[in-house]
Amino acid sequence: LVSPPALSQELPEGSGLNKVEALCASCHRTSVITRSSGYTRGQWDELIATMINLEDSPQKSPILDYLTEHFAPGDNRAATRLPIKEELDFTSWKVPTLGQRSRDPVEAPDGTIWWVGQFGNILGNIDPVSGELKEYTLPANARPHSVEIDKNGNVWYTGNGNGTVGMLVPGTDTFKVYEMPDENAVDPHTAIFDDDNTMYFTLQRSNMVGRLVPSTGEITLVDSPVEKSRPYGIKIDSSGTIWIACNGSNCLLSLDRKSMELTAHTLPQKGTTVRRLDVAADDTVWYVNSRLGYLGHYNPETGKIREWPSPSGPTSHPYALVVVNGDVWYNESGVRPDMLVRFDPETEQFQSWPVPSGGVYAGIIRHMRATRDGDILIHQSSTNHIMRVNLD
């Protein structure tokens with residue numbers, strides 16, 4: 001397992017603390033514990049089992065004792081649940097490798113569902129008919145942030161940990177890897193392909209946007225015109241304009257593919273940050289105002305911007321977003337359970353559903369995309385589940 005830096009947050013003193021710090025902080029920040037909604041002993045046991053197998057370990061009991069005593073169930077992150085007119089049907093697959101933080105599922109032309117496991121350095125796929133899952137080990141330290149399918153059906157990942165993007169060589173278990181030509185370009189994030197099969201991708205911490213031409217291997221990088229804008233989600237409209245979310249500033253970016261010129265579009269509320277966005281059929285842009293807890297809409301033709309408060313309020317942290325059949329779907333990641341929200345642009349009405357994640361509320365949807373038949377692919381990264389929301 002490839003582990004991230006364990007940034008600590010002070011845990012309360014108590015018996016078992018040293019074991020919790022040694023085990024849990026080896027893979028993730030201890031703030032994941034302090035910011036949790038709290039669980040019963042059985043729920044902590046279930047949650048830990050999605051990360052690591054402690055079934056025969058002497059550490060299991062003291063760790064569970066400590067967590068149960070100091071982090072019991074609470075309502076500090078409770079979601080606002082809206083009345084619903086119908087239930088949603090979720091199909092769920094638990095990925096094989098524990099603790100990998102599976103994320104960003106996407107459907108290939110043949111119906112196969114691909115995902116990446118960022119902590120586990122894994123690329124995986126699911127046959128949704130048979131339920132068979134297969135995992136590939138990526139090149140060392142790739143720490144993939146996302147996976148995308150090109151126009152030829154090839155599978156690509158973004159190497160967020162080692163400044164690369166890579167493609168699975170068809171019919172093999174090996175990868176063709178492209179390194180960034182600039183040492184300052186350290187973290188390829190999310191990618192998308194245009195109709196010419198050219199890749200465009202964001203680099204969040206590097207504050208850049210990139211272009212890769214697979215036929216030649218040529219990579220072009222441009223700096224964002226907004227300091228610390230942290231380019232994040234990326235989509236393309238019907239004219240070929242690339243739209244990019246700013247996770248560090250109150251802006252959206254648009255990219256001219258030919259000139260590689262980036263233009264900033266300022267959003268009205270100071271403090272806004274945008275994780276994800278999507279382009280509707282009319283080429284208007286829907287986005288999540290993650291830091292302030294809003295759903296937003298931008299019309300590039302008129303410049304008009306509107307925002308609506310998310311049902312669970314200013315700390316709901318809307319995260320992933322996709323437009324399907326005219327409806328806007330996104331999740332509230334700052335509350336428990338992680339809520340899947342639907343917004344009808346015609347009626348301006350919200351509905352929301354808790355995302356199932358077993359007996360615990362620890363998952364987070366970090367990216368969502370539509371399938372060819374109009375369903376939605378999501379995930380619960382903290383509990384290693386890939387999920388399909390069956391909208392029929």
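To be clear, the structure that these remarks concern was listed above.
**Q** Please explain the packing of helix H3 (residues 41-49) against helix H4 (residues 60-70) as it appears in this structure.
**A** Packed helices, taken two at a time, are described by their axes: the angle between them and the distance between them. Axis separation between H3 and H4 bottoms out at 9 Å; the angle between their running directions is 125 degrees. The angle between the axes of H3 and H4 places the two elements in the oblique class. Considering the relative orientation of H3 and H4, their crossing is right-handed. Residue-level contacts link Arg41, Trp44, Asp45 and Ile48 of H3 to Lys60, Ser61, Ile63, Leu64, Asp65, Leu67 and Thr68 of H4.

**Q** Hey, could you run me through the layout of surface pockets in this one?
**A** Gaps left between atoms show up when a probe the size of a water molecule is rolled over them. Considered as a void within the structure, the second largest pocket measures approximately 920 Å³ in volume. Lining of the second largest pocket is provided by 34 residues; of these, Glu148, Lys151, Ile192, Lys235 and Ile236 occupy positions nearest its centre. Mapped by element, the contributors of at least two residues to the lining of the second largest pocket are strand S2 (102-107), strand S6 (144-149), strand S10 (188-193), strand S14 (231-236), strand S18 (277-279), strand S22 (318-324) and strand S26 (369-370). Examining the composition of the lining of the second largest pocket, we find that four residues originate from one element, S10, more than from any other. Here the lining of the second largest pocket is composed, by residue class, of 15 nonpolar, six polar and 13 charged.

**Q** Just to check I follow, could you spell out helix H1 (residues 17-24) for this structure?
**A** Turn by turn, an α-helix covers 3.6 residues, leaving residues three or four places apart pointing in a common direction. All of the buried residues along H1 are Leu17, Val20, Leu23 and Cys24. Buried positions in H1, seen along its axis, are confined to an arc of 145 degrees and lie on one side of it. More than 90 degrees from the buried face of H1, the exposed residues found are Asn18 and Ala22. Where H1 is buried, its residues contact helix H2 (31-34) and H4.

**Q** Could you clarify how one ought to interpret the sheet that holds S10 in this entry?
**A** The strands that make up a sheet are held in pairs by hydrogen bonds between backbone atoms, and each pair lies either parallel or antiparallel. Strand order in the open sheet formed by four strands is S10-S11-S12-S13, with antiparallel pairing between adjacent strands. Two strands bound the open sheet, and with one partner strand each, they are S10 and strand S13 (218-223). Strand-to-strand twist of the sheet, defined as the mean angle between neighbouring strand axes without regard to direction, takes the value 20 degrees. Pairing between strand S11 (residues 199-203) and strand S12 (residues 208-213): five bridges, direction antiparallel. Bridge assignment links Met199 to a residue of S12, and that residue is Leu212.

**Q** I would appreciate a short explanation of the state of the cysteines in the present structure.
**A** Two cysteines, two sulfur atoms, one covalent bond between them: this is a disulfide. Counted by the stated rule, this structure contains one disulfide. At a sulfur-sulfur separation of 2.3 Å, the disulfide partner of Cys246 is Cys251. In this structure the cystine formed by Cys246 and Cys251 twists about its S-S bond by roughly -100 degrees; its chirality is therefore left-handed. You'll find Cys246 and Cys251 in the same group, each marked buried. With no disulfide of its own, Cys27 has Cys24 as its nearest cysteine by sulfur position, at a separation of 8.8 Å.

**Q** Looking at this structure, I do not really get the side chain of Asn331. What am I missing?
**A** Here Asn331 lies in strand S23 (residues 327-332). In this structure Asn331 comes out as buried when scored by relative accessible area, which is 0%. Engagement of the side chain of Asn331 in a polar contact is seen with the side chain of Asp338, the distance being 3.1 Å. Engagement of the side chain of Asn331 in a polar contact is seen with the backbone oxygen of Ile365, the distance being 3.0 Å. Here Asn331 is in contact with His317, Pro318, Tyr319, Ala320, Asp338, Met339, Leu340, Ile365 and Met368, once residues within four sequence places are set aside.

**Q** Honestly, unusual backbone geometry in this entry has me stumped. Any pointers?
**A** Most peptide bonds take the trans form, and the phi angle of most residues other than glycine is negative. Following Arg336, the chain continues into Pro337 via a peptide bond in cis, with omega recorded as 0 degrees. As for its position among the elements, Pro337 is in the loop between S23 and strand S24 (339-344). Positive phi outside glycine occurs at Arg230, with the angle close to 55 degrees. Tracing the backbone shows Arg230 in the loop between S13 and S14. One non-glycine residue, Met260, lies in the positive phi region at around 60 degrees. The topology assignment puts Met260 in the loop between strand S16 (251-255) and strand S17 (262-266). What makes Met260 buried here is its relative accessible area of 7%.

**Q** Would you mind showing me how to read the sheet that holds strand S27 (residues 376-380) here?
**A** The four strands are arranged S1-S28-S27-S26 in an open sheet whose pairing can be described as antiparallel. Among the strands making up the open sheet, the edge pair consists of strand S1 (89-94) and S26.

**Q** Help me understand the environment of Asp127 in this model?
**A** Relative to the assigned elements, Asp127 resides in the loop between strand S4 (122-126) and strand S5 (133-137). Linking Asp127 and Glu227, residues 100 residues apart in sequence, is a C-alpha distance of 43 Å.

**Q** How should the nonpolar core be read in this particular structure?
**A** Across soluble globular proteins, nonpolar side chains have a tendency to be buried as a group. Ranked by size, the top nonpolar core spans 18 residues in total, and within it Val20, Ile33, Trp44 and Leu67 carry the most contacts. Among the secondary structure elements, those contributing two or more residues to this core are H1, H3 and H4. Setting aside chain neighbours within four positions, we find Trp44 in contact with Ile33, Ser36, Tyr39, Leu64, Leu67, Thr68 and Phe71.

Cut-off values and rules
- Residues numbered from 1 in each chain as written.
- Predicted model: local features only at pLDDT ≥ 70, side-chain atom pairs only at ≥ 80, totals over all residues.
- Heavy atoms only, no water.
- Axes fitted to C-alpha atoms, helices over the stretch in contact; angles between N-to-C directions.
- Helix = DSSP H or I, 4+ residues; strand = E, 2+ residues; numbered from the N terminus.
- Parallel < 35°, antiparallel > 145°, perpendicular 65-115°, else oblique.
- Left-handed = near helix turned anticlockwise from the far one by under 90°.
- Contact = heavy atoms within 4.5 Å.
- 1 Å grid on protein atoms, 1.4 Å probe; cavity = no way out; pocket = protein on both sides within 12 Å on 5 of 7 lines; lining within 4 Å.
- Points joined across faces, edges and corners; volume = space filled by probe spheres on them.
- Nonpolar A, V, L, I, M, F, W, Y, C, P; charged D, E, K, R; others polar.
- Buried < 20%, exposed > 50% of the residue type's maximum accessible area, 1.4 Å probe, protein only.
- Arc of directions from axis to C-beta.
- Pairing = 2+ DSSP bridges.
- Disulfide = S-S within 2.5 Å.
- Polar contact = N/O pair within 3.5 Å; in protein donor to acceptor, adjacent residues only side chain to side chain.
- Core = buried A, V, L, I, M, F, W, Y, C linked by side-chain atoms within 4.5 Å.

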